[in-house]
Amino acid sequence: MIGVFDFIEAVILICCKHRGSVSSWGRTPKHNKDVGGVDGSIHMLWLGCDVVLDVMEKNLEFEKDCSKVGLVAIFEKDHYHLQPAGV
């Protein structure tokens, strides 16, 4: 598993390449609850973020590039959730 700073670097690289914006990253337990996050969300460890692409649709090239830098990209219709592989 990659650490927080490696995760940050990977997210920035992916967002720059694929024209993505981070819409949610680290969360306090209260904020996580307020936005409907799951108990124990990886967002509360700063190892989860949500990304919106300029063209927001399922993107296999984006998913493949995420995998190459140690990220898992989970398509959630209006955004991608990213987290380190193995979490």
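Let me sum up the structure you'll find in this document. (Residues numbered from 1 in each chain as written. Predicted model: local features only at pLDDT ≥ 70, side-chain atom pairs only at ≥ 80, totals over all residues. Heavy atoms only, no water.)

1. Re unusual backbone geometry
Short version of the rule: Comment: elements are numbered from the N terminus, with helices defined as DSSP H or I runs of at least four residues and strands as E runs of at least two. When a residue's accessible area, from a 1.4 Å probe over protein chains only, is under 20% of the maximum for its type it is buried; when over 50% it is exposed; and in between it is partly exposed.
Despite not being glycine, Arg 19 shows a phi value in the positive range, around 55 degrees. Structurally, the position occupied by Arg 19 is in the loop between helix H1 (4–18) and strand E1 (20–24). Take Arg 19: its relative accessible area is 58%, and that puts it in the exposed class. Despite not being glycine, Lys 77 has its phi angle at roughly 70 degrees, a positive value. Among the secondary structure elements, Lys 77 is positioned in the loop between strand E3 (71–75) and strand E4 (80–84). Among the residues examined, Lys 77 registers a relative accessible area of 69% and is labelled exposed.

2. Details of the environment of Cys 16
Take Cys 16: it is sitting in helix H1. For Cys 16 and Ala 73, which are 57 residues apart along the polypeptide, the C-alpha to C-alpha distance reads 15 Å.

3. Observations regarding the environment of Arg 27
Which entries qualify depends on this criterion: Here, residues are in contact when the closest pair of their heavy atoms is within 4.5 Å. Polar contact criterion, stated in full: a pair of N or O atoms within 3.5 Å, where within protein one must be able to donate a hydrogen and the other to accept it, and residues adjacent in sequence count only if both atoms are side-chain atoms.
Checked against the element boundaries, Arg 27 lands in the loop between E1 and helix H2 (29–34). Considering only alpha carbons, one finds Arg 27 and Cys 49, 22 residues apart in sequence, at a separation of 9.6 Å. With residues near it in sequence (within four places) discarded, Arg 27 still touches Asn 32, Val 35, Gly 37, Ser 41, His 43, Met 44 and Asp 50. At 3.1 Å, the side chain of Arg 27 and the side chain of Ser 24 are in polar contact.

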